[in-house]
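# Reading the structure
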Amino acid sequence: MQTQSSLKHIAAVAGLALLACATTRADYASAVLSDGPKAYYRLNDDTTRSLINRNSGSLGAAGDATNDLATLTGGALHSIPGAIVGDSDRAAFFDFTTRTEIPFNPALNTPNTQPFTVEFWVLPVNDQVGTGMAVVANRFVRVGGSDNRQGWVIYQRAANGNHPNTGPGVGWHFVMYDDLSTSSRLQVRSEVPFQFGKWQHVAVVYDPVLVSNATLTIYIDGVQANQAVWNGGSTGTNPGYGPCTGNHDAENAPNGQPAMALGGYNNANPGGVYGNANPWVGGLDEYAWYPAKLTAGEILAHYQNGTNANRTQSYSSLILSRNPTVYLRLNEIAPAPDLAVNLGALKSSGLGTHSAAVRHPAPGAVRSDQSSGAAAYQNRNGYAVTTLPYNSKNNGDITGSGTGSAGTPFTFEAWLRPMRDRQGGQCPVNNRWPKLGHRTGWVIFQRFPNASYANVPGINNEGHGWCFRMFDGATGSGHDVLTGTDYEIGKWQHLVVTWEPEQDFGDPGGTGNNQWQGVLTAYVDGVPVASNTAALYAANANPPEDGGEPADLAIGAYNAASTLGNNPFEGDVAELAIYNNCILTPDQIQAHYQAGINSTFGTNYATLVMTAPAERQLETFGAPIPEGTIPATYLRLNDTAYSPAANSGSLGASAAANLCMTTNVVAGPRPPAYAGFETANTGLPLDGSKQWASLNNPAGLNLTGQITLEAWVKPGAAQADPARILSHGPPTLTDYPVAPPDGALTNSSEVFLMIDGAGANYVVGSTKTIYTNNVEFETTTYAASFPVPAGDLGGDDWIHLVGAYDGANWKLYRNGVRVATSAAAVGALSVTDGDWAIGAAGNGWAGNFAGEVDEVAIYDQALSDASIATHYLMGKAGTAALSVVKSGVNVTITWPAGTTLQHCSTVNGIYEDVPGSPVSPLTLPASGTKFYRWRL
């Protein structure tokens, strides 16, 4: 079948060329975007893992920053959700082991007679004050430190007046040196408290009215917070600032000329490894340095833009309009393993490592926080797990002994979202050492969703809710607190468990494990629900009883000490915190729950978690609050996608994708065979087993009725039945379909574009599955189907595949041509509990497609036959046109590669293929009149 949109015409009259074709679109992507897709995944994302943080400012590549400690100390930056509201751009997290440096450049060290501005967003997470953490350092200190210092440093000081060592002040401290002494000179402290776990905007302006009469002004969240004035010091003429110079000899600058460092002291510090000292832990985003004085109005505008999700101008373009010399967006993906960032006191020693199957970010539990996210785990087709190495502070150590202590109180907190009701020991979190029959530590198990499940035959009744089990170090028995509360599959629940030790029983088993008796209390959704008043507990020790490896902590399954991956959990986990030597109060627990479910809650959720131990300290002992009074471990589990895929459709970042166990490393449709794509166009390889891409389940993609699903595919030779190319759903139905218990999920929906019959047919449609007759599921399908042509499976050609529902019919298109139509009263169905996926069922566990996929698009309307044909045409030929060029008595006809030339004696006549199947270009005598066109 051919349509007018798939043809191009040219008239040759007496050898002169006359163009007679309509203007075409610019390229394939613009053709798709002009039809308004809600989601469009080009899969061309740059997933390069680099040590370089690129500079977008006027200095260009000379202003790039390098994570230089990676090769020296192994330190690596981590990606976290960024500071700019409504923007999916990433930020950098410094874990106390790394920094990124811009090499010395005079353009960043302008004379002290010229103004400059430093601006950034900062996420503080640690209460260290005794040794000042250097957020940014652009300072020179000679070896020995006895001579003149140059440049400046920004330090994190106390969060507020309740924290220790407030002599250096509260907030952020900008310190300048005068190149005349070792002392700091012109300096300013914000004296504005900050909140742990919450982004803050900081800008500092140096304004030299005269060299010896300068001001240093600091702005917090767009408002002037403080100003310092320099009047020439003791002589009245000394400068308050001397910039770094690049003329230091090798003896005094053994690591090179002074760089501008983010995350700690720079290379020009004489101590440490390559100058590394006073490291900082926390998040940084959108760092800019301007060789100019930003006005108060400009700084306020920057802050307001960054906090307004409905901005009319992007934050980055606003910053660039002021022409910064350096602008680091800090959104690169560092070349590190897939790690879970720890905001707790353990810093880098508390990082978690995600296995390849962990999906993140999944939708989070905290409604009031744009940075909320979760890690998603599954218990079929393998397992997914996040592991943390043993740390004594996650096991009750408060003395620094390096081993655990059951005599220390603690609180465990997390949000859990179970996605399957299967029973048999599913374990969302495990911190257990199980060997030699003498178990230590603790574990959490998912039990029945509700009491009615106890009536299902053949299932061991271990109660319902969540079971937190402790071990006593002398036996293999557990000491439980069972919540006995109902939960729903697909719904978040807040779980808190507190341990309050009361009596030391020593080592009753003679195993070397110290046992305590105490009270174990469980809270669900902010309310205390169960208590074990005589629980016995022995903490994990280092070394353990057998002298081997101590117990690691695992999320999503058993830990390595208990056979890694056993008893896997299917569901999501978020906001996991372990508070060492701290029992949260019922009021605090209730506040955390309310902050999670209330989208307008007044206090930032992460701040509540990070300040909870300090609140207890303040209530009990008053100020000052000792350093380290924050949770030992706090994993938000909102880590950005390890291999992201941006959405170019109208839903933007809310429908961004993450690639699971794969990345876009194959060649997608490319010229010359597919002229509408870029030469470097990439696609996504899928192995038909475990590789897929998750789109989560954004509300804007929960479509009903009209819909269009589109993709370019290169199917492998062997396919599963079914092999889903693009799917919304289905949610996971109950594992107990015979006489299902109360609340069991028995109905589901799915919308799909797939291959079924193990490679037999292309199919588009939707299904509705309903449990009937107490014995089986009944599935009704509304779809259009077409046999897969010979050569499609395992072939070398990309296939353009589109399925649509127009309100009355499901339609299927292959390479721009409609190949099947099926009348149906039902189109796209709402799928509230199932995700969208490319290459698998929505949650990635079944129906995997084998082959390659590219240019996936989802529309909330049925595209017309002409639009779909145009998309294919643009993919194959792009903007290429047929041309005729006269040379002497001949004309040369040129047309796009991969197409067929046709001719006719009249413009509106019947065109036939030019005999002999000529390829472009074709030279013919310039005589008579002939009209030419090409077809696909």
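For the structure itself, look to the data block above.
Below you will find a few notes about this structure. Here the structure is a predicted model, which means the values were calculated and not measured.

### Quick look at the overall build of the chain
Within the chain one finds six helices and 56 strands. In terms of overall size, the chain behaves like a compact globule, its C-alpha atoms giving a radius of gyration of 32 Å where 936 residues would be expected to give roughly 30 Å. With the C-alpha coordinates of the chain rotated into their principal frame, the extents come out at 100 × 85 × 45 Å. Looking at the 936 residues of the chain, the share that counts as buried comes to 59%. Only carbon and sulfur atoms are counted for the fraction: they give 50% of the accessible area of the chain, which is about 32600 Å². Between the centroid of the 48 positive side chains of the chain and the centroid of its 74 negative side chains there is a distance of 7 Å.

### Overview of the sheet that holds strand S28 (residues 466–471)
Strand order in the open sheet made by the eight strands is S20-S21-S24-S33-S26-S27-S28-S29, with antiparallel pairing throughout. The sheet is open, and its two borders are formed by strand S20 (339–340) and strand S29 (478–482), each paired with just one other strand.

### As for the nonpolar core
Counting 89 residues, the largest nonpolar core has Trp-152, Phe-174 and Tyr-287 as the members making the most contacts within it. For Tyr-287, the contacting residues outside a window of four places in its chain are Val-118, Glu-119, Phe-120, Val-136, Trp-152, Met-260, Leu-262, Val-326, Tyr-327, Leu-328 and Leu-330. Listed in part, the 42 residues of the second largest apolar core include Leu-43, Leu-753, Ile-755 and Val-764.

### Here's the deal with the sheet that holds strand S52 (residues 890–894)
Judged by pairing direction, the sheet is antiparallel, and its three strands sit side by side in the order S51-S52-S55 without closing on themselves. In this open sheet, the two edge strands, each paired with only one partner strand, are strand S51 (883–887) and strand S55 (922–925). The average undirected angle you get between the axes of adjacent strands in this sheet is 25 degrees. Examined bridge by bridge, S51 and S52 share five bridges and lie antiparallel to one another. When the bridges of S52 are listed, Val-884 appears paired with Ile-893.

### Thoughts on the pairing of strand S10 (residues 133–140)
For S10, the tally of buried residues reaches eight of eight residues, placing the bulk of the element in the interior. Note: S10 against strand S11 (residues 150–156), seven bridges, orientation antiparallel. Within S11, the position partnered with Phe-140 by the bridge is Gln-150. The pairing of S10 with strand S17 (residues 260–262) spans two bridges and is antiparallel.

### Considerations on the packing of aromatic side chains
On inspection of all chains with the given rule, the structure shows 31 aromatic pairs. Ring geometry for Phe-116 and Trp-152: centres 6.3 Å apart, planes at 25 degrees, overall stacked. With a gap of 36 residues between them, Phe-116 in strand S9 (residues 116–124) and Trp-152 in strand S11 connect regions that are remote in the sequence. Trp-152 shares its class with Phe-116; the two are buried. Summarising the aromatic geometry, the rings of Trp-442 and Phe-468 are spaced 5.0 Å apart at their centres and angled 25 degrees between planes, so their arrangement reads as stacked. Highlighted residues: Trp-442 in strand S27 (residues 440–446) and Phe-468 in strand S28, separated in sequence by 26 residues. Looking at Phe-468, the relative accessible area reads 2%, which means it is buried. Among the aromatic residues, those joined into a ring-pair cluster are Phe-116, Trp-152, Phe-174, Tyr-206, Tyr-241 and Trp-289. The ring of Tyr-642 has Arg-49 lying over it, and the distance from NZ or CZ to the ring centre is 3.6 Å. The side chain of Arg-432 reaches across the aromatic face of Tyr-558, ending 4.6 Å from its centre.

### Quick word on the pairing of strand S48 (residues 817–823)
Bridge count for strand S47 (residues 809–814) against S48 is six bridges, and the pairing is antiparallel. By the bridge assignment for S48, Lys-811 is matched with Thr-821. Hairpin connection of S47 to S48: two residues between the antiparallel strands, including Asn-815 at a positive phi of 50 degrees.

### Focus: the layout of surface pockets
What the second largest pocket holds in volume is close to 740 Å³. The wall of the second largest pocket is formed by 35 residues, among which Gly-197, Lys-198, Trp-199, Asp-369 and Asn-604 lie closest to the centre. Of all the secondary structure elements, the ones that give two or more residues to the lining of the second largest pocket are strand S6 (78–81), S9 and helix H5 (605–621).

### Notes on the pattern of salt bridges
Applying the stated criterion across every chain yields a total of 26 salt bridges. Between Glu-332 and Arg-54 there is a salt bridge whose closest N-O contact spans 4.0 Å. Of the two residues, Glu-332 sits in the loop between strand S19 (326–328) and S20 while Arg-54 sits in the loop between strand S4 (52–53) and strand S5 (65–66), which places them 278 residues apart along the sequence. Glu-332 gets classed as buried once you look at its relative accessible area, which sits at 11%. Asp-806 is the partner of Lys-811 in a salt bridge, and the nearest nitrogen-oxygen pair spans 2.9 Å. Each of Asp-87, Asp-89, Glu-286 and Arg-329 takes part in a single network of salt bridges with overlapping partners.

### A short note on the packing of helix H4 (residues 586–597) against H5
As a packed pair, H4 and H5 sit with axes 10 Å apart at the nearest point and diverge in direction by 170 degrees. Judged by the angle between their axes, H4 and H5 are roughly antiparallel. Packed against H4, whose contacting residues are Gln-588, Ala-591, His-592, Ala-595 and Gly-596, the element H5 presents Tyr-605, Leu-608, Val-609, Ala-612, Glu-615 and Arg-616 at the interface. The residue inventory of the contact of H4 with H5, partitioned by class, reads six nonpolar, three polar and two charged.

### Remarks on empty space enclosed by the protein
Evaluation of the coordinates by the stated rule reveals five cavities of 30 Å³ or more. One number sums up the size of the largest cavity: a volume of about 170 Å³. Looking at the largest cavity, it is lined by 15 residues, and the ones nearest its centre are His-78, Ser-79, Pro-337, Leu-339 and Tyr-642. Residues belonging to the lining of the largest cavity are distributed by class as follows: nine nonpolar, four polar and two charged.

### What about the side chain of Ser-371?
Positionally, Ser-371 belongs in the loop between strand S22 (359–363) and strand S23 (373–377). Residue classification places Ser-371 among the buried positions, given a relative accessible area of 9%. Setting aside its immediate chain neighbours within four residues, Ser-371 contacts Pro-81, Gly-82, Arg-636 and Asn-638.

### Brief notes about unusual backbone geometry
A cis amide bond, omega 0 degrees, links His-360 with the succeeding residue Pro-361. Mapped onto the elements, Pro-361 comes out in strand S22. With an omega dihedral of 0 degrees, the bond running from Gly-729 to Pro-730 counts as a cis peptide bond. Relative to the elements of secondary structure, Pro-730 occurs in the loop between strand S42 (723–728) and strand S43 (748–756). Despite not being glycine, Phe-96 shows a phi value in the positive range, around 85 degrees.

### Observations concerning H5
Between its first and last C-alpha atoms H5 spans 24 Å; for 17 residues at 1.5 Å apiece the expected length is 24 Å, and the two agree. At Thr-611, H5 shows its largest bend, some 45 degrees, and a proline, Pro-613, comes one to four positions later. Packed against the buried residues of H5 are strand S25 (410–418), strand S30 (493–506), strand S34 (571–580), H4 and strand S35 (633–635). Where H5 terminates, the next one or two residues include Gly-622, which has phi positive at roughly 80 degrees.

### A look at the environment of Ala-357
Here Ala-357 lies in the loop between strand S21 (352–354) and S22. Once the C-alpha coordinates of Ala-357 and Trp-516 are considered, the two residues, 159 residues apart in sequence, prove to be 38 Å apart. Ignoring anything within four residues of it in the chain, the contact list for Ala-357 reads Ala-376, Gln-378, Tyr-383, Ala-384 and Met-661.

### What about a nonpolar patch on the surface?
The grouping of Leu-72, Val-273 and Tyr-274 at the surface amounts to a nonpolar patch, some 250 Å² of accessible area in total. With respect to the secondary-structure elements, Leu-72 resides in the loop between S5 and S6.

### A closer look at the side chain of His-78
Checked against the element boundaries, His-78 lands in strand S6. In contact with His-78, other than residues within four places in its own chain, are Ala-91, Ala-92, Phe-93, Asp-95, Leu-339, Val-341 and Leu-351.

### Quick notes on the environment of Gln-706
With respect to the helices and strands, Gln-706 occurs in the loop between strand S40 (692–696) and strand S41 (707–715). Distance from Gln-706 to Ala-340, taken between C-alpha atoms, is 40 Å for residues 366 residues apart in sequence. Discounting chain neighbours no more than four positions away, the residues touching Gln-706 are Tyr-805, Asp-806, Gly-807, Asp-860, Gln-861 and Ala-862. Polar side-chain contacts of Gln-706 include one of 3.1 Å to the backbone nitrogen of Ala-862.

Calculation rules
Residues numbered from 1 in each chain as written. Predicted model: local features only at pLDDT ≥ 70, side-chain atom pairs only at ≥ 80, totals over all residues. Heavy atoms only, no water. Helix = DSSP H or I, 4+ residues; strand = E, 2+ residues; numbered from the N terminus. Rg over C-alpha atoms; globule rule 2.2 N^0.38 Å. Buried < 20%, exposed > 50% of the residue type's maximum accessible area, 1.4 Å probe, protein only. Areas by Shrake-Rupley, 256 points an atom, 1.4 Å probe, with all protein chains shown as cover. Lys, Arg positive; Asp, Glu negative; His and termini not counted. Charge placed at Lys NZ, Arg CZ, Asp CG, Glu CD. Pairing = 2+ DSSP bridges. Core = buried A, V, L, I, M, F, W, Y, C linked by side-chain atoms within 4.5 Å. Contact = heavy atoms within 4.5 Å. Axes fitted to C-alpha atoms, helices over the stretch in contact; angles between N-to-C directions. Phe/Tyr/Trp six-rings, centres within 6.5 Å; stacked < 30°, edge-to-face > 60°. Lys NZ or Arg CZ within 6 Å of the ring centre and 35° of its normal. 1 Å grid on protein atoms, 1.4 Å probe; cavity = no way out; pocket = protein on both sides within 12 Å on 5 of 7 lines; lining within 4 Å. Points joined across faces, edges and corners; volume = space filled by probe spheres on them. Salt bridge = Lys/Arg side-chain N within 4 Å of Asp/Glu carboxyl O. Parallel < 35°, antiparallel > 145°, perpendicular 65-115°, else oblique. Nonpolar A, V, L, I, M, F, W, Y, C, P; charged D, E, K, R; others polar. Expected span 1.5 Å × (residues − 1). Bend = angle between axes of the 7 residues up to and from the residue. Patch = residues over 30% accessible without salt bridge, like charges linked within 9 Å, V, L, I, M, F, W, Y side chains within 5 Å. Polar contact = N/O pair within 3.5 Å; in protein donor to acceptor, adjacent residues only side chain to side chain.

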